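The lines below spell out each chain.
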Amino acid sequence: MDWNKGSGWKRQAARGLVFLAAAGMMAWGVYRGEMTVMLGKAVNVCLECIGLG
Amino acid sequence: MSAWNVSDWGKCMKIRQEVKRKIVQIAAFGFSNSYLCNFAGGQLYKGRWKQFCNPGMNCYSCPAARLSCPIGAMQAVSGSMNFSVSFYVTGFVLAVGVLFGRAVCGFVCPFGLIQELLYKIPFPKKKLWKGFIYVKYILLAFFVLLLPVIHTNELGMGAPAFCEYICPVGTLEGGLPLLATHPELRKVVGALFSIKACILALTLVGCLAICRFFCKVMCPLGAIYGILNKISLYHMEVDKERCISCGQCHAECPMDVDPVKTPDSAECIRCGKCTACCPKEALALKFRFMDFR
Ligand code: SF4
Ligand code: SF4
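Source: prediction; values computed, not measured. (Residues numbered from 1 in each chain as written. Chains lettered and ligands numbered in written order. Predicted model: local features only at pLDDT ≥ 70, side-chain atom pairs only at ≥ 80, totals over all residues. Heavy atoms only, no water.)

Caption draft 1: Spotlight on the site of ligand 1. Residues and elements named next belong to chain B. Every residue near ligand 1 is listed here: Met57, Arg102, Cys105, Cys109, Gly112, Gln115, Arg212, Phe214, Cys215, Cys219, Leu221 and Gly222. Looking at the shell around ligand 1, the elements with two or more residues in it are helix 6 (110–119), helix 12 (213–217) and helix 13 (220–228). Of the residues in the shell around ligand 1, the class split is seven nonpolar, three polar and two charged. (Near = heavy atom within 4 Å. Helix = DSSP H or I, 4+ residues; strand = E, 2+ residues; numbered from the N terminus. Nonpolar A, V, L, I, M, F, W, Y, C, P; charged D, E, K, R; others polar.)

Have a look at this one:
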């Protein structure tokens, strides 16, 4: 079996780093209250989305 | 009964793979848009699920939508008075992308399913000129990331520029149903809506002629997941010893990818059509530690 090596160590390191950064960003965003801003926008009709903005 | 040959086996594999994928797509579509009754009154779902992002494109102004659109939410937060970057949404998109890459497009994006159904309608089919695939990166950089932050009003609030000037998903899923049910909104329709309606019409005609036209040319979310295809946990492997260079995989690919040459292509939506059609089983889609061939 000679499956091409899809995952060199650089790729694995990049994957790990991006995942850790992503998890940290999500936690920081939740901590500083971004979810509330997002919810406020998402539950009201977004005039820009529907083309009236 | 005649004996099965290799081509019957190949056809059976293709159908099985496509049926499995369609079941996942329909389930994801149903979960993302479960408030169908809201279409009648033209109101939006206002519950807690809207604090979470949909991994795919689905306008949060669609009456049936349960989750928030990540591209809309990214612009809404970065254009708000208090924040100039949306860490929460960016982190979510990066995490999903690094795990699954564009398999999100192939399996769970609601607008991806809509486009595949549109492409089934009889219409002269065309191939996309390759240069157009870079348009989505320009839309991502300029309309999603830059304009909401730099083009602000006196209160420091930026408009969600991609939603406002481009997004045909919003016009289709949010604009048309809400205009149909709200006479007061119809009174304020102006030039901007006409522009967006033209973009929607062009996109729909594009989707009739070219498989996943919006994904290939316009989707900023697909652009992010496509970049992450290079490192995502779910990826494509090619057994070069088994491959006989017959080109069937390339011919079968709805995204015009040659998976033997570019298994990590930013265009590959991991739909599995190539792995199912390969007569030598030289292609496999798998997680790094688990074989899902
Ligand atoms: S490219 Fe965009 S619209 Fe297409 S499937 Fe992916 S997220 Fe959905
Ligand atoms: S390369 Fe294969 S998995 Fe990727 S989009 Fe094309 S057919 Fe689907």
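Caption draft 2: Geometry of the packing of helix 7 (residues 135–150) of chain B against helix 13 of chain B. Residues and elements named next belong to chain B. Their axes nearest at 8 Å, the elements helix 7 and helix 13 cross at an angle of 110 degrees. In terms of axis orientation, helix 7 runs roughly perpendicular to helix 13. In this structure, the crossing between helix 7 and helix 13 has a hand that is left-handed. Contacts between helix 7 and helix 13 involve Lys136, Tyr137, Leu140 and Val144 on the former and, on the latter, Pro220, Ala223, Ile224 and Ile227. (Axes fitted to C-alpha atoms, helices over the stretch in contact; angles between N-to-C directions. Parallel < 35°, antiparallel > 145°, perpendicular 65-115°, else oblique. Left-handed = near helix turned anticlockwise from the far one by under 90°. Contact = heavy atoms within 4.5 Å.)

Caption draft 3: Main features of helix 3 (residues 70–78) of chain B. The element helix 3 of chain B is largely enclosed, with a buried count of nine among its nine residues. Along helix 3 of chain B, the positions that sit buried rather than exposed are Pro70(B), Ile71(B), Gly72(B), Ala73(B), Met74(B), Gln75(B), Ala76(B), Val77(B) and Ser78(B). On its buried face, helix 3 of chain B sits against helix 2 (34–42) of chain A together with helix 4 (87–100), helix 7, helix 8 (161–166) and helix 13 of chain B. (Buried < 20%, exposed > 50% of the residue type's maximum accessible area, 1.4 Å probe, protein only.)

Caption draft 4: Geometry of unusual backbone geometry. All names here are of chain B. Notably, Ser245 is not glycine yet its phi reads approximately 55 degrees, a positive angle. Within the secondary structure, Ser245 sits in the loop between strand 1 (235–238) and helix 14 (248–252). For Arg270, which is not glycine, the phi torsion reads 60 degrees and is therefore positive. The topology assignment puts Arg270 in the loop between helix 14 and helix 15 (273–277). The class of Arg270 is buried, set by a relative accessible area of 0%.

Caption draft 5: A look at the site of ligand 2. The environment of ligand 2 is made up of 13 residues, and the closest members are Cys253(B), Cys268(B), Cys271(B), Gly272(B) and Cys274(B). Classifying every residue of the shell around ligand 2 gives 10 nonpolar, one polar and two charged.

Caption draft 6: Examining the side chain of Ser86(B) more closely. Position of Ser86(B) among the secondary structure elements: in the loop between helix 3 and helix 4. Within the structure, Ser86(B) has its side chain in polar contact with the side chain of Glu34(A) (distance 3.2 Å). A polar atom in the side chain of Ser86(B) sits 3.3 Å from the backbone nitrogen of Val89(B). The residues contacting Ser86(B), other than those within four sequence positions of it, are Glu34(A), Met74(B), Val77(B) and Ser78(B). (Polar contact = N/O pair within 3.5 Å; in protein donor to acceptor, adjacent residues only side chain to side chain.)

Caption draft 7: Highlighting the nonpolar core. All names here are of chain B. Counting residues in each nonpolar core, the largest one holds 74 residues, and the members touching the most others are Met57, Val89, Val93, Phe162 and Met218. No other element matches helix 4, which puts six residues into this core. Ignoring anything within four residues of it in the chain, the contact list for Met57 reads Cys69, Ile71, Cys109, Pro110, Phe111, Phe162, Cys167, Val169, Phe214, Cys219 and Leu221. By size, the runner-up hydrophobic cluster in this structure holds seven residues, among which are Leu44, Leu178, Leu179 and Phe193. (Core = buried A, V, L, I, M, F, W, Y, C linked by side-chain atoms within 4.5 Å.)

Caption draft 8: Representation of the side chain of Glu34(A). Mapping Glu34(A) onto the fold places it in helix 2. Of the polar contacts made by the side chain of Glu34(A), one reaches the backbone nitrogen of Tyr88(B); its length is 2.8 Å.

Caption draft 9: Quick look at the interface of chain B and chain A. On the side of chain A, 38 residues touch chain B, which itself brings 65 residues to the contact. With both chains or domains summed, chain B and chain A bury close to 4300 Å², and 70% of this area falls on carbon and sulfur atoms. If you sort the residues of chain B by the area they bury against chain A, Phe83(B), Phe87(B) and Tyr88(B) come out on top, with a joint share of 16%. Put simply, chain B and chain A have 11 residue pairs in polar contact (both at pLDDT 80 or more) between them. Of all the secondary-structure elements, those providing two or more residues to the side of chain B that touches chain A are helix 3, helix 4, helix 8, helix 9 (168–181), helix 11 (191–209), strand 1 and strand 2 (283–286) of chain B. It is helix 4 of chain B that provides the largest number of residues to the side of chain B that touches chain A, a total of 10 residues. (Buried area = accessible area lost by both parts, 1.4 Å probe.)

Remember that the coordinates give geometry; whether it matters functionally is a separate question.
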